Amino acid sequence: MPIQYYIYLALALFSIGVIGVLVRKNAIIVFMCIELMLNAVNLLLVAFSKMHHGVAFAIDKASTVGIDGQLFVFFIMVVAAAEVSVGLAIIVMMYRNTHSVDVNFLNRLKN
Amino acid sequence: MSKLVYLVPLFPLIGFLINGLGRKSLSKSAIGVIGSGAILASFVTSLVLFFEVKNHGAIPVQQLFTFIDVQTLKIAFAFQVDQLSSLFLLIITGIGFLIHLYSTAYMNNEEPQHYGRYFAYLNLFVFSMLLLVLGANYVIMFIGWEGVGLCSYLLIGYWFKNDSYNYAAKKAFVMNRIGDLGFLLAIFWIIVRLGTVEYGGVDGVFANAAAKLSSFDVTLITILLFVGAMGKSAQIPLYTWLPDAMAGPTPVSALIHAATMVTAGIYMIARSNVLYSMSHIAMNLVAIIGLVTALFAATIAIKQNDIKKVLAYSTVSQLGYMFLGLGVGAYTGSVFHVMTHAFFKALLFLGAGSVIHAMHHEQDIRNMGGLKKKLPITHITFLLGCLAIAGIPPFSGFFSKDEILAAAYAHSPIYWGVGVATAGLTAFYMFRLYATTFLGTFRGTHDQEHHLHESPAAMTVPLIILAALSVLGGFIGVPEILGGHHELHHFLAPVLTTEKHHEIEHGTEFMLMGVSVALAAIAIAVAILKYSKKPELQDATGFGKLLANKWYIDELYDMVVVKPLNAIAVFFKNIIEKSGIDGLVNGVGKFVNYSSRQLRLLQSGQVNAYVLMMVLSIVVMLLIWLQEGVIFRVFAKLFY
Amino acid sequence: MVPLLLILLPLISGLLSFFMKGSNAAKAWALLSSILTLIVAVIGVCSCTKYGCLNYDTAWLPSLGSRFTIGLDGMGKMLALLTAISFPVVFGATYRNNYKNPGSFYALMLLTQAGLMGVFLSLDGLLFYFFWELALIPVYFLCSTWGGEKRIAVTFKFFIYTFIGSLLMLVGILYLYFQTPEHSFAIKDFYALHLVGKQQHLIFWLFFIAFAIKMPIFPFHTWQPDAYEQSPTSVTMVLSGVMVKMGIFAVIRWLVPIFPEATKYYSHTIIILSVIGMIYASLIAIKQDDVKRLIAYSSIAHIGLMCAAIFAGNAIGLKGVMVQMFNHGINVIGLWIVADAIEQQLGTRKFSELGGLAQKAPTLAILLVVMALANIALPLTNAFVGEFLMFNGLFQYNVYIAAVAGISIILGAVYTLNMVQKIFYGNTVESTINATEVSGNVQWVLVALVVIVIALGVYPQPLINLTNSTVAAVIGVH
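Residues numbered from 1 in each chain as written. Chains lettered and ligands numbered in written order. Predicted model: local features only at pLDDT ≥ 70, side-chain atom pairs only at ≥ 80, totals over all residues. Heavy atoms only, no water.

Caption draft 1: Layout of the interface of chain A and chain B. Taken residue by residue, the interface counts nine residues in chain A and nine residues in chain B. Interface area for chain A against chain B, summed over the two sides, is near 770 Å², with a carbon-plus-sulfur share of 55%. For the pair chain A and chain B, the interface holds zero salt bridges. At the junction of chain A with chain B, the criterion picks out zero residue pairs in polar contact (both at pLDDT 80 or more). (Contact = heavy atoms within 4.5 Å. Buried area = accessible area lost by both parts, 1.4 Å probe. Salt bridge = Lys/Arg side-chain N within 4 Å of Asp/Glu carboxyl O. Polar contact = N/O pair within 3.5 Å; in protein donor to acceptor, adjacent residues only side chain to side chain.)

Caption draft 2: Spotlight on helix α10 (residues 250-259) of chain B. With respect to burial, α10(B) is a largely interior element, ten of its ten residues being buried. Here the buried face of α10(B) lies against α3 (83-106), α4 (112-134), α5 (138-156), α9 (241-244), α14 (307-327) and α15 (331-358) of chain B. (Buried < 20%, exposed > 50% of the residue type's maximum accessible area, 1.4 Å probe, protein only. Helix = DSSP H or I, 4+ residues; strand = E, 2+ residues; numbered from the N terminus.)

Caption draft 3: Expanded view of the pairing of strand β2 (residues 74-81) of chain B. Across the eight residues of β2(B), seven count as buried, placing the element largely inside the fold. As consecutive antiparallel partners, strand β1 (residues 59-69) of chain B and β2(B) are separated by four residues, and within that stretch B:Gln71 has a phi angle of approximately 65°, a positive value. (Pairing = 2+ DSSP bridges.)

Caption draft 4: Spotlight on a nonpolar patch on the surface. Taken together, the side chains of B:Leu556, B:Met559, B:Val560, B:Val561, B:Val562, B:Leu565 and B:Ile568 define a hydrophobic patch exposed on the protein surface, amounting to about 590 Å² of accessible area. For B:Ile568, the position within the fold is in helix α24 (residues 553-600). (Patch = residues over 30% accessible without salt bridge, like charges linked within 9 Å, V, L, I, M, F, W, Y side chains within 5 Å. Areas by Shrake-Rupley, 256 points an atom, 1.4 Å probe, with all protein chains shown as cover.)

Caption draft 5: Geometry of the packing of helix α6 (residues 163-194) of chain B against helix α18 (residues 399-424) of chain C. Where α6(B) contacts α18(C), the two axes come as close as 10 Å, and the packing angle between them is 160°. With respect to their mutual orientation, α6(B) and α18(C) come out roughly antiparallel. By crossing handedness, the relation of α6(B) to α18(C) is classed as right-handed. Contact with α6(B), carried on its side by B:Asp163, B:Asn166, B:Tyr167, B:Lys170, B:Phe173, B:Val174, B:Arg177, B:Ile178, B:Leu181, B:Leu184, B:Leu185 and B:Trp189, involves C:Val399, C:Ala403, C:Gly406, C:Ile407, C:Ile409, C:Ile410, C:Ala413, C:Val414, C:Leu417, C:Asn418 and C:Gln421 of α18(C) and no other residues of that element. (Axes fitted to C-alpha atoms, helices over the stretch in contact; angles between N-to-C directions. Parallel < 35°, antiparallel > 145°, perpendicular 65-115°, else oblique. Left-handed = near helix turned anticlockwise from the far one by under 90°.)

Caption draft 6: Local environment of unusual backbone geometry. Here the amide bond leading from B:Ile236 into B:Pro237 is cis, since omega sits at 5°, within 30 degrees of zero. Along the chain, B:Pro237 falls in the loop between α8 (215-232) and α9. Omega for the bond connecting C:Phe218 with C:Pro219 falls within 30 degrees of zero, at 0°, which places this linkage in the cis form. Phi at C:His183 takes a positive value of approximately 45°, unusual for a residue other than glycine. If you trace the backbone, C:His183 turns up in the loop between α7 (151-179) and α8 (187-192).

Caption draft 7: The arrangement of the arrangement of the chains in detail. A comparison of contact numbers over the two pairs of chains in contact places chains B and C at the top. There is a clear gap between chain A and chain C: no contact, and 23 Å between their nearest C-alpha atoms.

Caption draft 8: Representation of the domain arrangement of chain C in the model. All names here are of chain C. The domain boundaries assigned to chain C delineate domain 1 (1-258) and domain 2 (280-478). Taken over C-alpha atoms, the centre of domain 1 sits 22 Å from the centre of domain 2. At the junction of the two partners, domain 1 supplies 46 residues and domain 2 supplies 41 residues. The junction of domain 1 with domain 2 conceals about 3600 Å² of combined surface from both sides, 75% of it contributed by carbon and sulfur atoms. (Domains from an automatic or database assignment.)

Caption draft 9: Structural context of the interface of chain C and chain B. Between chain C and chain B, the residue contacts involve 60 residues of the former and 52 residues of the latter. The contact between chain C and chain B buries some 4900 Å² in all, and 73% of this surface belongs to carbon and sulfur atoms. Among the residues of chain C in contact with chain B, C:Lys287, C:Phe388 and C:Phe395 are the three that bury the most area, contributing 13% of the side total. The tally of links from chain C across to chain B stands at one salt bridge. Note that B:Asp582 is salt-bridged to C:Lys157, the shortest N-O span being 2.6 Å. The tally of links from chain C across to chain B stands at 13 residue pairs in polar contact (both at pLDDT 80 or more). Among the residues making up the side of chain C that touches chain B, the classes are represented as 40 nonpolar, 16 polar and four charged. (Nonpolar A, V, L, I, M, F, W, Y, C, P; charged D, E, K, R; others polar.)

Caption draft 10: Main features of the nonpolar core. By size, the foremost hydrophobic cluster in this structure holds 401 residues, and its most contacted members are B:Tyr138, C:Phe211 and C:Phe388. The element best represented in this core is helix α14 (residues 315-346) of chain C, accounting for 19 residues. Among residues more than four places away in sequence, those in contact with B:Tyr138 are B:Phe183, B:Ile187, B:Ile190, B:Val197, B:Tyr199, B:Val205, B:Phe206, B:Leu225, B:Ser272 and B:Leu275. (Core = buried A, V, L, I, M, F, W, Y, C linked by side-chain atoms within 4.5 Å.)

Caption draft 11: Focus on the layout of surface pockets. Put simply, the second largest pocket is a space of about 1100 Å³. Lining the second largest pocket are 30 residues, and of these B:Val174, B:Val561, B:Val562, B:Leu565 and C:Val414 lie nearest its centre. Mapped onto the lining of the second largest pocket, the elements with two or more residues apiece are α6 and α24 of chain B together with α12 (260-286) and α18 of chain C. Here the lining of the second largest pocket takes nine residues from α24(B), the largest share from any one element. (1 Å grid on protein atoms, 1.4 Å probe; cavity = no way out; pocket = protein on both sides within 12 Å on 5 of 7 lines; lining within 4 Å. Points joined across faces, edges and corners; volume = space filled by probe spheres on them.)

Caption draft 12: Geometry of the domain arrangement of chain B. Here the domain parsing of chain B yields domain 1 (280-535), domain 2 (549-601) and domain 3 (603-640). Centre-to-centre separation of domain 1 of chain B and domain 2 of chain B, based on C-alpha positions: 51 Å.

Caption draft 13: A look at empty space enclosed by the protein. Counting across every chain of the model gives eleven cavities of 30 Å³ or more. Roughly 140 Å³ of internal volume is contained in the largest cavity. Of all the secondary-structure elements, those providing two or more residues to the lining of the largest cavity are α13 (291-311), α17 (382-397) and α18 of chain C. For the lining of the largest cavity, the element with the most residues is α18(C), which contributes six residues. In terms of residue class, the lining of the largest cavity is made up of nine nonpolar, five polar and two charged. The computed volume of the second largest cavity comes to approximately 100 Å³. Along its surface, the second largest cavity is lined by 13 residues, and B:Phe142, B:Arg177, B:Leu184, C:Ala377 and C:Ile409 are the ones closest to its centre. Looking at the lining of the second largest cavity, the elements that each hand over two or more residues are α5 and α6 of chain B together with α17 of chain C. For the lining of the second largest cavity, the residue count by class is nine nonpolar, no polar and four charged.

Caption draft 14: How the structure looks around the packing of aromatic side chains. Within the structure shown, the criterion is met by 75 aromatic pairs over all chains. With centroids separated by 6.0 Å and ring planes inclined at 80°, the aromatic side chains of B:Tyr239 and B:Phe296 adopt a geometry described as edge-to-face. On the criterion of sequence distance, the pair formed by B:Tyr239 in the loop between α8 and α9 and B:Phe296 in helix α13 (residues 280-302) is long-range, its members being 57 residues apart. The buried category is assigned to B:Tyr239, whose relative accessible area is 3%. Note on B:Tyr409 and B:Trp416: the rings are 5.8 Å apart at their centroids and 85° apart in plane angle, and the pair reads as edge-to-face. By relative accessible area, which is 25% here, B:Tyr409 ends up partly exposed. The lysine or arginine in question, B:Lys28, covers the ring of B:Tyr115, its NZ or CZ lying 5.5 Å from the ring centre. When the ring centre of C:Trp132 is taken as origin, the NZ or CZ atom of C:Lys214, which lies over that ring, is 5.3 Å away. (Phe/Tyr/Trp six-rings, centres within 6.5 Å; stacked < 30°, edge-to-face > 60°. Lys NZ or Arg CZ within 6 Å of the ring centre and 35° of its normal.)

What follows is the structure, encoded as structure tokens:
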């Protein structure tokens, strides 16, 4: 499959994520959109990794070129998991205090 | 013998320290004895030194220690006793002692603590004055110069509860400071050109003056020195402090503001005669200022009604005479007049003090009159003083004034004419004062009349001694045409440059004398006739009012100098400082504050807004990255 | 060894003082420590001649090329002595004042002393900067914690002002550091630099603005009257007695020798600014109604003269400046002590509310008059010598400028006598009717200062001799 397909898919996912974060006020939705963006990036990383590795593999069977892209994906997944736990905890606390998950409700913090 | 030089200023210094520190614990009589004794000791020492100088010539410079040494400039704390300074020493300590003695009685009503303060100040004054005349260089002279200014300030404001006295004291100090600035600049000029401030010696100012100073330098130095003299010796335009200085106790006026301090300017110019003789411009300036001051102050004196104010303007006028003498090159004549003036003006002031004492601090002559019978000694001595100042032969004032007038005639008959007119005015106002005070009938309150009394011996004895000196003092300077030898002239000859010899024919000189004496005699007669029976009791009107108000010079100064200066100060304080500089500084602070408040609005607290901003920034950054070349070139154009 | 002791003594005792609880303990500790410092300083100045005794050098930050180099030359001795004298004087004169949190107050004061000593002694650029800040920061806390009612705003202004200056200076120091061949902060390496043209001019201003703010000279002075007015008076004494000398000192040590050409190039501008400042500050002083502000403006006028005399660029003026740095410190502290004594007793500093105090407190009146006379540089007081030499130097530079600057002598007499008259003369008023003589400690401290004033006024030569080595180094004239 040509690399462009992956790119378009990732671009679409990322844009959906960005727009979701921008327009939605529900903290959980915002959170999911962030996850969407992260995964869009993950998708791209994996795709490019595969592409580069494929080219290098054809020349040299022992090549490790492109491996690091997939390595990053694992990193991101770990970080995202940690983030989820912290983020969800914050949202839970927020709900307990305000009975709402509306992010704009928190702008009172600024004072 | 030469070690004695140190003792002269040391005695008054010790007196100052004892009286100053012990003013609370010492009794009044102890304070008086210490204060007067210190000056007497100093006087005796001065006498010894005087005869030493008279018989063996000037005593070599005595160096105490190095005052300032900065390699390029060495200033020694050194004393010099030559003919000129030994004469001044005698005047200062001699008259100083008499006035101290007089003060013990005059100030006897003061509390012990203030009595001690008074004598401490007075001793400090004598100490400073001695430094002034003993100093062997201009810096030591300047030290004494400022010192006497300080003591004058302290003594004018002696009764410090009275605010107008304090203003008078401050005015005196500040006006003197204006002169001092001139003096200081002259000293700097000398240092820059010659690298020394010593008067004499091989590398002294005077020895090097002709060789190393251009005529421009000399003229400026002498004029700047004269500015200093104007302040201290109350010459136009810096004279207005002296009449106000009469706020001080009367013996102070006699000592400081008549006999000694105000003649410091004459001493300074006589001391610098080598320099002055090199500059015609400065000489003429001195003569003209002196002449104008003499006449101007005499006109004011005619209409004053405060006994001390009359004497004060008279002092200003006589000082003008002395400067006239200096300006026309009659240095001896001026120094001679300093001496005789010290005698008779101290006498007149002390006499006035005796009157004021008897009248319970009444100073207005319109409320006096007929004091002749009640105060016989004061009356006689005061009369002798008036005759001396009026220039009636053979009293001392005649000889000294005549010498100056003769020299003025040789210089220019106009100078002489103005001088003689002033002499006539002098005779007139002095006898107006005399007649109003001592002749006629008593015009004071009944209470005052009841208490009228002759002053105690401590006050009359100095009066009698000074009267004797006023009568006889002139005989040390009898000119040759009157069959004298002019001892003073011969005595001072080594320190004064040869005066231009005024070869006036003897006939002319006799005629000049005749005119001035006749004028004085007429003025006296007119004054006595006019004022003994019907003194001026109303306020003056018309031209007289102008004179009585001192030509409105104080008001003029107030309008031209004081008010604008105050306005500028207020303007600086309120406008420039507050709104201008501080406003600018605070403006920067306010701007930062304002802009941060504006920027803070971006921090809305809306998560979406933040994210939007983030996204937009990323987009912009990407664009920049894409267009790196273009953007870089734009920046390059902007900054390089 | 001596310089190290001079810094360490106040530093350590200051740190210990933070833990002092009682008011009396803290006071006594501070006084004791400052007297000890004074003794060390006197020994150092009088009997120390060997290199090892007057200098100390050890590694400090080797990776940066900065060494802990301190030393006492003539000017350093003089200012170290001034610092050492002024702290016991300040502590002694304000011994009866009570401050909340006395331990911290005296600790910060002692830290300031350590900082000041360090500034005057350090011979290394980074070290100098370090002490420069060490002197500034405790003062910030002192003013903002123990000051008057407007203290926060005023102190903030003071801090921002001087801190901007410090940062500019830091940039300058770093620039010089990178110019030196083997990247060193040592002052002798800075001296050896020969910066050319534009470089020199730019860095000159970086340094000069820092020092000009500290001195302060017109028009960088507006922090000063406010800060003096709002600080507790004992801090004000330190500020105006010693701290402003940092600026002048730094110009002589760090500016003139490093940037000789720029100094010459800009001297005219700076002298004119200083002279304008003198007249300007004197005129404003005439119109002040507050003792502290009057002394503050008077101080600006005096500092202006010192700054002008430095840039006149001749040995005689420079000697005058150094002598005057010491003398002005002594005199101005004396004036502050009187101001403080009046404020503590009568609760006001306004001339309009004072008067006739001479009847109630004659001794204080006499002592103030002597101090006031020293303030107007009357001969035989210490200030005369300095001003005489400084005016002389200025006169050699330019006659007209000296003549204009001379006007400040007259104005100085006006405002100083105004002050004396309004506080002490005239009749007593409401506030002074029940006044009494000030307490013994204040009197004795003032008497000591008066003795110094007159002794150095009559025999100033020892002080002048101290300046010789520094002047020779700076001007190269001996």
